[in-house]
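# Secondary and tertiary structure notes
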Amino acid sequence: MSRRKNLNSDDIQQFLEIPSGSEDDLELSDEDSDDDLIRIQDLVLNEVETCPEVLQDDFFDENVSIPSPRSSSSMLVIQPTSSSSNTANVASQPSTSRQVNPRSSRVASRPQAVPTPRIISPSPQPVRPARPKPKREYIWRKMDFQPPDTTFTGVDVLEQPYTTFETPLQYFLHFFDDDLLDHIAEESTKYSIQKDCSKPVLVTKTELKKYLGICLLLGLVPQPNIRMLWNSILGIPLIIETMTLGNFEKLRSVIHFNDNINYKPRGEPGHDRLFRIRPLLETLRKKCQAVPKRETLSVDEQMCATKACNFLRQYLPNKPHKWGYKLLVLCDDKGFAYDFEIYSGAENDPELRLPDECDLGASSNIVVRLCRSVPRNQNYKIFFDNYYTSPELISYLAKKGIHTLGTVNKGRMGMTLKMPSQKELTAATRPRGYSEGWVATVDAVPVSAVLWLDSKSVVLASSFVGEQPKYKVKRFCKKRKQYTEVNAPNIIGHYNRHMGGVDLLNSFIGKHKIKMRTRKWYMRIFYHLLDVMLINSWLLYKRVETQRENTKMMKLREFRLEVAKALCWCGPSIIKKRGRPSSFVSDMLDERIKRKPKLNVPPKDVRTDGMEHFPIWSNIRKRSKLPACKGKSFVICQKCNQALCLNKDKNCFLSFHK
C-alpha cells in the first residue's frame, strides 16, 4: 500500500484556489456561477470535518478535470463512495477565483480523509411507457353461434342533390366543386408569386378545369411523353384546341393546395406531414362521407404507385405495385370510396384520437378512424382482413351497433383458444371442407371464431355470423383432376361476397390511370385522387340511374370521355376558326360518323355555357342536330360544330343552346 500524505489547511487552500491567468478566470459563465464554487467548497470542507480518516491523494489528482457545461450536453457528476448521510453529488461549473471559506482554518488540527470520487454518467431520459398488451383470457366454447338481429335500418337511398344530376360533368363537379377549384386557383397564384414575384402566373378556375380535362384524357390516350399530345401528327386535336403546351407546363409547375407561409417545420407543435395537400384531402373526404352508405363496407390498403424517394413511400411485397404511397380506404362492395386516409406515420397519435375512442392498437385504430362517418346502431357490416382483426375491435364496434367480420391470426384470439394447426389437421387426415366453430364473450359481446380447411386452413371471426348453416362450394381436386363440391361455413360466403370492394376500386383505377411523371410527391397523390373521384362520380351515376330504373348506362371510358370533353370545352377556345371549314377533311369525317352522330354532339354543359357559340356558313347542307327537326341547313355552330336551322321559320340554333 502507498503511504498516505497528511494535508494541512494551507495545502487544501492551495488546491482549491484557481491560479491567476488561467482560462477559468475569464468571465464566460453567468453571474450566478460564483455561488457554485462556494457550494463546492462548503461540501468538501464538510466532508473533511466529518471523515476521521486521512486525506487521499487521489482526490486532488491533477489529471482529474471537470468539463464545462458549455462544451458538452452531458454533465459529469462527482459522487463520493462513502455511505455517510452527508454525501452529496457535486456538479462543477466554470467560475472565477474566490477566497476560501474561513472555516478551513479549523481543519489543521484534525486532518480527515476524503473518499475516492467516482464519475457517474447522467441518467437516461424517461421513456414513454408502451401500451400494455390486453389480457386475452377469454373462455372459448365449441358450440353453435346464435346470431343477433342484424336487420339493416340505415338509409341507402339517394336523395337530392344527387337525384338532380343529369350530365357526367355534374356528378364530377359535385366532388371538385367551385369552392375547391377557387381555393386551388388562389393558392396556385399565390405560390407562383412566392416562387418568382417577377413572373407571376394568374390561375383561373376556367384554366384549372381545362387542365383537369387534359389530365383525364391522358388516362384514355397514354403517351410516353406528354409533349407528344401536342404533336401535329400524333397529337389529339381536342387537347391542342384546349390549351397550348406552354400554358399547360406553366400551370403544372405552379399548382398548389396550401399556403407555404403557414407551414410548421418538423419538431414544432402542429407539424403536419401532409400539409401541402391537406385542404384537398379534407374537402374530398367530406364530400365522400356525405354520400349515403350501403349496408356492407370493407377496409383495405391501396397503393398509389411511385418509386420516388420520399418519406411517405412504403414497400408492400404482396401488392401488384410494391412501391408507393399507402392509402387506407373504406369502400362498399361496388367500389365506391366513402373515406380514406394517407399513411404518414402520425395518424395514431393519441392527441388526434377522439375522446370516446379507446386505443385498440395501431392496426385496429385504422378501422375505428375510418368508421367515424358510419352511422351508429343501424346494423352496418364492416369487412377487413387479418391485419386489422382483433376480438377487442369486434367487441368495440358491436357496442356501437356496427357488425364486423374478418380473417384473423390465431395468436390474437388468446391462448385459451385451442385451435388445431395446419400440421395437426394434415396428420389427422381431415377432409377438405372440414370446419370447427367456437364462441366466446368479449366484454359482454358474443364473438364467433370459425376454422375452415380449404387448400390451407383459415380462421375468421365475427359478431353477427358463425359456422352454421353450411353450403356447398366447388373446388378443383388435383388427384381426380375434376371439380368437386365441399362444405363451407356460412361465414366464408359473407366474407367472399363483400370483402373485395377496395380491390374492385383498384381495378377501375388500373384501366384508365393518369400516367404523368412529376418530382413533387403531392402532385402524384393529386392525380391519384383525381382518378378516385372520377370513379366515385361514375359509380354515383350508375347508382342514380339504377334508382331511376334506367338500364342504359355509360361505361367507365365513355363517362370519362364525356367529363374530359366538357372540361376541355368550358370557357373560350384558343383557336379562332376563320372562314369556312375544310371541305375535304370535314366531309370525310362526317361520312364516317354519320351512323353514330351522338359521338359528335357536345355535352349539355358545353351547349348551354353561352361561350363563343357563333353561327357560321358552311358549303355543305346538313341535317339539323336538334331532335324532332328533320330540316337541313348550311348554318353550323362554330364551337359545337353542329348543323342547325337558322331562318325566319325555324330557329334550331337558339333551341339547341338554350
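Positions within a chain are numbered from 1, following the residues in the order the chain's sequence is written. Restriction of local features to residues with pLDDT of at least 70 applies here, the model being predicted, together with a cutoff of 80 or more for giving and counting side-chain atom pairs; totals for whole chains, interfaces and linings are based on all residues. Side-chain metrics rest on all non-hydrogen atoms present in the structure, leaving aside hydrogens and water.

Under the annotation held in an unreviewed UniProt entry, the protein carries the name PiggyBac transposable element-derived protein domain-containing protein and is attributed to Parnassius mnemosyne.

If you tally the helices and strands in the protein, you get 18 helices and 16 strands. When the 658 residues of the protein are sorted by exposure, 44% land in the buried category. Contacts were defined at the residue level, with two residues in contact if any of their heavy atoms lie within 4.5 Å. Long-range pairs, those at least 24 residues apart, make up 66% of the contacts in the protein with a sequence separation of at least 6. Only the protein chains shown count as cover for residues, and the accessible areas themselves come from Shrake-Rupley with a 1.4 Å probe. A total of about 37000 Å² of accessible surface is found on the protein, and carbon and sulfur atoms cover 51% of it. In this text, helices come from DSSP runs of H or I with a minimum length of four residues, and strands from runs of E with a minimum of two, each type numbered from the N-terminal end. Relative accessibility thresholds used throughout: buried, under 20% of the residue-type maximum; exposed, over 50%; partly exposed, between the two (1.4 Å probe, protein chains only).

At their nearest, the axes of helix H8 (residues 278-289) and helix H14 (residues 521-547) sit 12 Å apart, and the two run at 15° to each other. With respect to H14, the element H8 is oriented roughly parallel. The two elements H8 and H14 meet at a crossing, and its hand is left-handed. Residues Leu280, Leu281, Leu284 and Cys288 of H8 form the contact with H14, whose own contacting residues are Phe526, Leu529, Met533 and Asn536. Of the residues that constitute the contact of H8 with H14, the class distribution is 7 nonpolar, 1 polar and no charged. Axis lines are fitted to C-alpha atoms, over the contacting stretch for helices. Their N-to-C directions set the angle, which ranges from 0 to 180 degrees. Here roughly perpendicular refers to angles of 65 to 115 degrees, roughly parallel to angles under 35, roughly antiparallel to angles over 145, and oblique to all remaining angles. Left-handed describes a crossing whose near helix is turned anticlockwise from the far helix by less than a right angle; the clockwise case is right-handed. Classes in brief: Ala, Val, Leu, Ile, Met, Phe, Trp, Tyr, Cys and Pro nonpolar; Asp, Glu, Lys and Arg charged; the others, Gly included, polar.

The distinction between a cavity and a pocket rests on a 1 Å grid over the protein atoms alone: a 1.4 Å probe fits inside a cavity but cannot get out, while a pocket stays open yet meets protein on both sides within 12 Å along at least five of seven lines, and a residue with an atom within 4 Å of a point counts as lining. Grid points are joined across faces, edges and corners, and a volume is the space filled by probe spheres set on the points. Enumeration over the complete set of coordinates arrives at 3 cavities of 30 Å³ or more. The space that makes up the largest cavity amounts to roughly 60 Å³. Looking at the largest cavity, the residues that line it are Glu347, Asn348, Asp349, Leu352, Arg353, Glu357, Cys358, Asn365, Val368, Arg369 and Arg372. Among the residues forming the lining of the largest cavity, the class breakdown is 3 nonpolar, 2 polar and 6 charged. The space that makes up the second largest cavity amounts to roughly 40 Å³. Around the second largest cavity, the lining residues are Met143, Asp144, Phe145, Gly437, Trp438, Val439, Ser448, Val450, Gly466 and Glu467. Among the secondary structure elements, those contributing two or more residues to the lining of the second largest cavity are strand E10 (435-442) and strand E11 (445-453). Ranked by residue count, the leading element in the lining of the second largest cavity is E10, at 3 residues. Classifying every residue of the lining of the second largest cavity gives 5 nonpolar, 3 polar and 2 charged.

This paragraph deals with the state of the cysteines. Disulfide: a pair of cysteine sulfur atoms within 2.5 Å of each other. Taken as a whole and assessed by the stated rule, the structure comprises 0 disulfides. Its sulfur unpaired, cysteine 288 is 9.5 Å from the next cysteine sulfur, which belongs to cysteine 331. Looking at the unpaired cysteine 645, the closest cysteine sulfur is the one in cysteine 629, lying at 3.9 Å.

Bringing H14 into the picture now. In an α-helix, one full turn covers 3.6 residues, which means residues spaced three or four apart are oriented alike. To estimate the expected span of a helix, subtract one from its residue number and multiply by 1.5 Å. Its 27 residues place the ends of H14 40 Å apart at the C-alpha level, agreeing with the 39 Å of an ideal helix rising 1.5 Å per residue. Within H14, 24 of the 27 residues are buried, which leaves it mostly tucked inside the rest of the structure. Count one or two residues on from H14 and you reach glutamate 549, which has phi positive near 60°.

Mapped onto the elements of the fold, aspartate 385 is located in the loop between strand E8 (380-384) and helix H10 (391-399). Under the convention used here, Asp and Glu are negative, Lys and Arg are positive, and both His and the chain ends fall outside the count. Take a side-chain nitrogen of Lys or Arg and a carboxyl oxygen of Asp or Glu: if they are within 4 Å of each other, that pair is a salt bridge. One buried charged residue, aspartate 385, forms no salt bridge at all, with the nearest opposite charge on lysine 319 at 6.4 Å. What aspartate 385 contacts, discounting residues up to four positions off in sequence, is Asp300, Glu301, Thr407, Tyr495 and Met499.

Right, let's talk about a positive patch on the surface for a bit. Together, Arg621, Arg623, Lys630 and Lys632 line one region of the surface with positive charge. Among the secondary structure elements, lysine 630 is positioned in the loop between strand E15 (615-623) and strand E16 (632-637). Among the residues examined, lysine 630 registers a relative accessible area of 74% and is labelled exposed. Residues enter patches when they are more than 30% accessible in relative terms and free of salt bridges; like-charged ones are connected within 9 Å and nonpolar ones (Val, Leu, Ile, Met, Phe, Trp, Tyr) within 5 Å. Charge positions are represented by NZ for Lys, CZ for Arg, CG for Asp and CD for Glu.

This brings us to the packing of aromatic side chains. Here a pair means two rings of Phe, Tyr or Trp (six-membered ring of Trp) with centres within 6.5 Å. Their orientation is stacked below 30 degrees between planes, edge-to-face above 60, and tilted elsewhere. If you walk through the whole model with that rule in mind, you get 21 aromatic pairs. Judged by centre distance (5.0 Å) and plane angle (85°), the ring pair of tyrosine 387 and tyrosine 388 falls under edge-to-face. Since its relative accessible area comes to 37%, tyrosine 387 is described here as partly exposed. Given a relative accessible area of 0%, tyrosine 388 falls into the buried group. When the ring of phenylalanine 476 is compared with that of tyrosine 483, the centres are 5.3 Å apart and the planes differ by 70°; the resulting orientation is edge-to-face.

We now examine the nonpolar core. Of all hydrophobic cores here, the largest spans 106 residues; its most connected members are Phe176, Tyr211 and Leu280. Broken down by element, the residue count for this core peaks at 17 residues, all from H14. Non-local contacts of phenylalanine 176, meaning those with residues more than four positions away in its chain, are made with Leu181, Leu212, Leu280, Leu284, Phe526, Leu530 and Met533. Each nonpolar core is a collection of buried residues, namely Ala, Val, Leu, Ile, Met, Phe, Trp, Tyr and Cys, held together in the definition by side-chain atoms within 4.5 Å. Counting residues in hydrophobic clusters, the runner-up holds 19 residues, among them Met413, Leu417, Leu425 and Leu451.

With that settled, the discussion passes to the pairing of strand E7 (residues 337-342). Within E7, 6 of the 6 residues are buried, which leaves the element mostly enclosed by the surrounding structure. Strand pairing follows a simple DSSP-based rule, namely that at least 2 bridges must link the two strands. Two elements, strand E6 (residues 323-332) and E7, share 5 bridges in a ladder whose sense is antiparallel. The residue bridging cysteine 331 from the neighbouring strand is alanine 337, located in E7. What sits between the antiparallel neighbours E6 and E7 is a turn of 4 residues, in which glycine 335 has the positive phi angle 105°.

Turning our attention to unusual backbone geometry. Most peptide bonds take the trans configuration, and most residues that are not glycine carry a negative phi. With an omega of 10°, the peptide bond between glutamine 160 and proline 161 qualifies as cis. Along the chain, the position of proline 161 falls in the loop between strand E3 (117-120) and helix H3 (168-175). Going from glutamine 468 to proline 469, the amide bond is cis rather than trans, its omega being -5°. Residue placement: proline 469 occurs in the loop between strand E12 (457-462) and strand E13 (471-477). Even without glycine at this site, threonine 429 takes up a positive phi of about 55°. Examined against the element boundaries, threonine 429 turns out to sit in the loop between helix H11 (422-427) and E10. Assessed through its relative accessible area of 65%, threonine 429 is described here as exposed. For alanine 444, which is not glycine, the phi torsion reads 70° and is therefore positive.

This brings us to the environment of leucine 330. Topologically, leucine 330 is positioned in strand E6. With residues up to four places along the chain from it excluded, the contact list for leucine 330 reads Leu297, Ser298, Val299, Phe336, Ala337, Tyr338, Asp339, Leu370 and Val374.

This part covers the pairing of strand E9 (residues 402-407). Of all 6 residues in E9, 6 are buried, a share of seventy percent or more. The alternating pattern of E9 places Ile402, Thr404 and Gly406 on one face and His403, Leu405 and Thr407 on the opposite face, and all of these are buried. Strand direction decides the pairing type here: E8 and E9, joined by 5 bridges, are parallel. Opposite lysine 381, over in E9, you have histidine 403 as the bridge partner. This β-α-β element, E8 to H10 to E9, shows right-handed connectivity. Pairing between E9 and E12: 3 bridges, direction antiparallel. Following the sheet pairing, glycine 406 is matched in E12 by alanine 461. Handedness rule for crossovers: strands pointing away from the viewer, path from the first strand over the helix to the second running clockwise, crossover right-handed.

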